[in-house]
Amino acid sequence: MENQEDLAKLLTAEMGKPLAEARGEIVYGAGFVEWFSEEARRIYGDTIPSPASNKRLVTIKQPVGVAGMITPWNFPNAMITRKASAAIAAGCSVVIKPSEDTPYSALALCELGSQAGIPPGVLNIITSSREKTPSVGKLLCEHPLVSKISFTGSTAVGKILLKQSAASVKRVSMELGGNAAFIVFDSANVDAAVAGAMASKFRCSGQTCVCSNRILVQEGIHDRFTDTFKSAVAKLKVGDGFEDGVTQGPLINSSAVEKVESHVRDAVSKGAVVVTGGKRLGDKTNFFQPTILTGVKQDMVCAKEETFGPLAPIMKFKTEDEAIAIANSTSSGLAGYFFSGDTSQIWRIAERLQVGMVGINEGILSSVEAPFGGVKESGIGREGSKYGIDEYLQIKYLCFGGI
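Residues numbered from 1 in each chain as written. Predicted model: local features only at pLDDT ≥ 70, side-chain atom pairs only at ≥ 80, totals over all residues. Heavy atoms only, no water.

J.: Could you give an account of the pattern of salt bridges, with specific residues and numbers?
T.: With the rule as written, the count across this model stands at 18 salt bridges. Two residues, Lys61 and Asp390, come together in a salt bridge whose shortest N-O distance is 3.5 Å. With a gap of 329 residues between them, Lys61 in strand β2 (residues 56–63) and Asp390 in the loop between β15 (379–380) and β16 (393–400) connect regions that are remote in the sequence. Residue Lys61 is classed as partly exposed on the basis of its relative accessible area, which comes to 31%. A relative accessible area of 32% means that Asp390 is categorised as partly exposed. For Glu100, the salt bridge is made with Lys97, and the minimal N-O distance between the two is 3.0 Å. Among the charged side chains, a salt-bridge network with shared partners connects Arg82, Lys83, Glu175 and Glu383. (Salt bridge = Lys/Arg side-chain N within 4 Å of Asp/Glu carboxyl O. Helix = DSSP H or I, 4+ residues; strand = E, 2+ residues; numbered from the N terminus. Buried < 20%, exposed > 50% of the residue type's maximum accessible area, 1.4 Å probe, protein only.)

Dropping the structure here:
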């Protein structure tokens, strides 16, 4: 961790995340290096009872081969360590194409890996311009020496990469877009629910795949939650990530700001109310005010598409079944959250939500030790945890005869 501060400052300079958040990401990213270095000694095979007395049946696990990785800009350190550490621990060499928005964090990790003793050719970085990114991705997916593709990014791009990988039947793992519902039931602790919503919605200025994209609040608690939430949002500070006290940095580029603006315009045109925020800070900046909308309906774009920005649309619901129907009405299935004080309800909702990860009375899901991944169109496979290394291993069966 001796390079934590330098890596954090580099990260903030590249994509704007507040320095305190950047420091946290470096710690999180380092956790995967430690975790998978330990998992490398637990790549177990099996001895299988044989139906024949003169045979012995055994399985071993071997590395899949060269792993191509395409990583995003919102966690330019941790998304690389989460993938590459697992692959290298499994015995694979890796070729990483980082986001064109954040190449320096990737190059810094490669240099530190070299200093730590990773042999030449094991950890490789390919940078490219935005214009050449599709061709680099295509080459990784179609190259016969690449055996595995791991991608974190949008569902649309993930589908393209899946098609390109299909011709050579590559192993793939995909962590794709989300549209997380954050449900607050009448039995919930309001203060805890607001704290959870703040952590889930506004981390990285709303630019994470597991951010709450739709906040569903039961009618009995709706007004109280909204008022408390508004007060909490008012305490956020937008600005340069290097300034003390800043909690919200800029969005990654002007297109990201325009998307948030369009979602707000669409919602307001259809009857939603801006409770706070709703505007860009300055005419030509990438800073956007943390925003709350109420009166949001399912036909609004912000309820159907992932915003990837500091927009919190609140939808009122009456019954548990209604909340579940709204939450599951999307083709995405990465993360979901809910707050409830009813133990029976907790089990029902946790089992009914069609997502890969559920936060129960909790707004932060990610942990080195827990599996990260989605269902439906939010991905294939899992990263982190004891399961993450299996994405880079293949099982070989050995049959010994003549015993």
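And the narrative resumes.
J.: Explain the environment of Gly388 residue by residue, including any values.
T.: Take Gly388: it is sitting in the loop between β15 and β16. For Gly388, a relative accessible area of 2% gives the class buried. Each C-alpha atom, one on Gly388 and one on Asp186, is 37 Å from the other, the two residues being 202 residues apart in sequence. The residues contacting Gly388, other than those within four sequence positions of it, are Phe36, Ala86, Arg382 and Glu383. (Contact = heavy atoms within 4.5 Å.)

J.: Which residues make up helix α7 (residues 190–202), and what values do they have?
T.: When the terminal C-alpha atoms of α7 are compared, their 18 Å separation across 13 residues agrees well with the 18 Å that a helix rising 1.5 Å per residue should span. The complete set of buried residues in α7 reads Val190, Ala193, Val194, Gly196, Ala197, Met198, Ser200, Lys201 and Phe202. Of the surrounding secondary structure, the elements contacted by the buried residues of α7 are β8 (180–184), β9 (212–218), α8 (222–233), β11 (291–294), β12 (311–317) and β13 (335–339). Residue Cys204 follows α7 closely and has a positive phi angle near 55 degrees. (Expected span 1.5 Å × (residues − 1).)

J.: Talk me through the packing of helix α2 (residues 19–39) against helix α3 (residues 78–90); I want residue IDs and the actual numbers.
T.: Packing of α2 against α3 brings their axes to within 8 Å, and their N-to-C directions diverge by 5 degrees. Viewed along their axes, α2 and α3 adopt a mutual orientation that is roughly parallel. When α2 is examined against α3, the residues Glu25, Tyr28, Gly29, Phe32, Val33 and Phe36 are found in contact with a partner set consisting of Ala78, Thr81, Arg82, Ser85, Ala86 and Ala89. Class assignment for the residues of the contact of α2 with α3 results in seven nonpolar, three polar and two charged. (Axes fitted to C-alpha atoms, helices over the stretch in contact; angles between N-to-C directions. Parallel < 35°, antiparallel > 145°, perpendicular 65-115°, else oblique. Nonpolar A, V, L, I, M, F, W, Y, C, P; charged D, E, K, R; others polar.)

J.: Let's hear about the sheet that holds strand β7 (residues 171–175): which residues, and what values?
T.: Either a parallel or an antiparallel arrangement is found when strands of a sheet pair, and the pairing is made through backbone hydrogen bonds. Taken together, the six strands give an open sheet; going across it, the order is β5-β4-β3-β6-β7-β15, and neighbouring strands pair in mixed fashion. The open sheet has two edge strands, β5 (123–125) and β15, and neither has a second partner. Judged from the five bridges that link them, strand β6 (residues 146–152) and β7 form a sheet pairing that is parallel. Paired with Thr152 across the two strands is Glu175, which belongs to β7. (Pairing = 2+ DSSP bridges.)

J.: Account for the state of the cysteines, naming residues and giving values.
T.: Under the definition given, this model contains zero disulfides. You can see Cys209 has no disulfide; the closest cysteine sulfur is in Cys211, sitting 8.2 Å from it. Summary of cysteine pairing: Cys302 is not part of a disulfide, and the nearest cysteine sulfur, belonging to Cys211, is at 14 Å. (Disulfide = S-S within 2.5 Å.)

No statement about biological role is implied by the geometric values presented.
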